[in-house]
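Working through the structure, step by step
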Amino acid sequence: MKRLKRAVTLLVLAMAFVMAAGNIPAAASDFKLGYNTNASDNDYIFTTKAPKGSIGKSMSISFRVRATDEDMNNLKVSLLETTEFQQIESKGESDYTVDYYPFEIMETTFVGKNVGNIKAGNVKSVSLSARVRRDAAQGYYSIPIQLEWDGGYDVDYINIWISTSSTTSEDEEEDKKEGSYFVIGENQSTPRGVYPNVLDFSVNFRNRRETTAQDVTISMGLSEDDTKFPFEINDGNYDRTFERVNSGETVTASYSMAIRKESYTGYYPIKFTITFRLSSEGDLHTEEGVFYVHVVSKDKEDNKGDFDANDRIKARVIVESYHTVPEVVYAGEEFELVLNMKNASSTVPASNLLFNLESEKVSDSAVFTTESGTASMVVNSLAPGQSTELRAKFTARAGVDQRSYGITVKEKYDSPEFKNAEENIIVDVPVKQYSRLSTSNIDVMPDSMAVGSESNVMFGINNTGKVVLYNVTVSFEGDSIKPVDTYVGNIKPGETGNVDTMLTGIAPTQDDGTIHLHINYEDENGQAAEPVEKELTLMVTEEAQTEFDPSFAVDPSITETEKPDVLQTYRAWILVGGGGALLAVILIIRHIRRKRRAAKEKEDIENEIS
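In this report, we go over the structure that sits alongside the text. (Residues numbered from 1 in each chain as written. Predicted model: local features only at pLDDT ≥ 70, side-chain atom pairs only at ≥ 80, totals over all residues. Heavy atoms only, no water.)

In this section: the packing of aromatic side chains. For the structure on display, the rule yields 16 aromatic pairs. With a centroid separation of 6.0 Å and an interplanar angle of 40°, the aromatic rings of Tyr101 and Phe110 are classed as tilted. When its relative accessible area of 3% is taken as the criterion, Tyr101 is described as buried. Summarising the aromatic geometry, the rings of Tyr330 and Tyr434 are spaced 4.0 Å apart at their centres and angled 5° between planes, so their arrangement reads as stacked. Taken together, the residues Tyr330 in strand S20 (residues 329-330) and Tyr434 in the loop between strand S29 (418-432) and strand S30 (437-439) connect sequence positions 104 residues apart. Linked through ring pairs, Phe201, Phe205, Phe229, Phe231, Tyr255 and Phe272 together constitute an aromatic cluster. We note Arg209 situated over the ring of Tyr181; from NZ or CZ to the ring centre the distance is 4.4 Å. Of note, Lys314 hangs over the ring of Phe418, and the distance from its end group to the ring centre comes to 5.1 Å. (Phe/Tyr/Trp six-rings, centres within 6.5 Å; stacked < 30°, edge-to-face > 60°. Buried < 20%, exposed > 50% of the residue type's maximum accessible area, 1.4 Å probe, protein only. Helix = DSSP H or I, 4+ residues; strand = E, 2+ residues; numbered from the N terminus. Lys NZ or Arg CZ within 6 Å of the ring centre and 35° of its normal.)

Turning our attention to unusual backbone geometry. For the bond running from Tyr195 to Pro196, omega is 10°, close enough to zero to count as cis. Inspection of the secondary structure puts Pro196 in the loop between strand S12 (192-194) and strand S13 (198-207). For the bond from Val325 to Pro326, the omega torsion is 0°, close enough to zero to count as cis. Considering the arrangement of structural elements, one finds Pro326 in the loop between strand S19 (317-325) and S20. The backbone phi angle of Ser363 is positive, close to 55°, even though this residue is not glycine. Relative to the helices and strands, Ser363 is located in the loop between strand S23 (361-362) and strand S24 (365-366). The phi torsion at Asp364 lies on the positive side, around 65°, for a residue other than glycine. Relative to the elements of secondary structure, Asp364 occurs in the loop between S23 and S24.

The next subject is the sheet that holds strand S21 (residues 334-343). Sheets are built from strands that pair by backbone hydrogen bonding, the pairs being arranged parallel or antiparallel. Strands sit in the order S19-S21-S27-S25 across an open sheet of four strands; the sheet is antiparallel. Unpaired on one side and paired on the other, S19 and strand S25 (368-369) mark the two borders of the sheet. Judged from the nine bridges that link them, S21 and strand S27 (residues 387-396) form a sheet pairing that is antiparallel. Looking at S27, one finds that Leu339 is bridged to Leu390. (Pairing = 2+ DSSP bridges.)

As structure tokens, this is what we get:
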């Protein structure tokens, strides 16, 4: 494949050279070089979507490199200097060379970027940047990318889209959507430390967007105020850096912090600032987030002067753990939330505990509902360190998107020195959506064929659910046809994937002509779903044969005056008539079978209704 690709490249260059040598002018509208390279023939580079750029602006060319069959050590990638975009054009009586390469040629345009090492079978994300020429024409360009590593060299292609429109692109709109790039502390419990011990903890940062973040720096917000920051500041720098964080990837920043002597018992919000770029030379993005830690140290002093019964030591009632029954919650179905509530205080009891569970709302409607409309529970008392179990049944709303939704546990309780203490704790419940699909009418043309012939099958697969159907394939099976597998691809919610395939007859039909087809697909985790089964009717008959009948041969000894035997003369017509009668019998049998099958289906439906 590599040799073939390089041969094609050399052939294109040779054609350009021949045109130049022969002074054969070509109009700009006929220019094709560099636009029609098949990027699917790449050996190492692949992309999930074409990078987009605008004239006169810098663009990021993002792709992935897979070490297919060997380690790629000291890999360097770069834009390839090429003449594939050059052609000879005429102006008056003179010919001149025009280069339609879409990027501005500068000192750094073709400088290689060091990627490092990639083990065989592994993948790395890479991004190059270039500035689009102001006179570039709108359209797709196939850009050659050069790869060099220890003992290896290759050239692959990436298709990019250049737009002359001044309107904001879809990618720019994506960047401006409300919400941050990083989710902080996902799937983590609150770290807890006790003075004078050292608290070792980690913080998770997940890239929630579809774009890879580069040159990522995570900075912890420090403070000299004991009431705002509970840790000793012993290091000069608490930054954590990452070269890149891919879409969906989670990175962890780890810390080991000594608790301050002057800290107070309670929760502390630790502020984090994240800076990153969306390309190697892109603008610097900044966003902030908060992660909570809990410290047990001295109690806060009462600076109010007068005694206040509501400002005394209180118990700490926390959600120690929780789960759902069933474990996976589907939209539109009922489930039971099981909470394990614990009094985390080592000395202070809690009494008269009231727990109200409130659902997150989407479009002013609760995601989780109960039959009574409320979920309130009362517990008489919780001694220090004691736990109790709470159970509440909910129904997840049918039309919500597939993601996690919060249930707020609102606590109200008494302690000996603190009355009517209130706390709120949020637990996240992931909600799944069932995959749903339907098919349009299955067209079979023709619906009857001879052995060795082909019939065309066409229909659409409609994604009627709210989740993507991944890697959809359709398989056709039957005793009279050759098995066929057809790949449809991914089908987004509300969209349709089309099936258009040919079935080949291999044996005459011995039954009612039913062909079974199975629609297979995967979920977002790559797990195969239960196949959807459908049927179609296709009759396969014996292969048509023509035999030579010696009775039709003309005896040269017979003269024109001699009359042939009447039976011999019309023997061919008798055979033709017999064949027509046989065909009529076959059609009648098929008609009877179809009527019987329709009657049986109607009877089955009536039995189900009754």
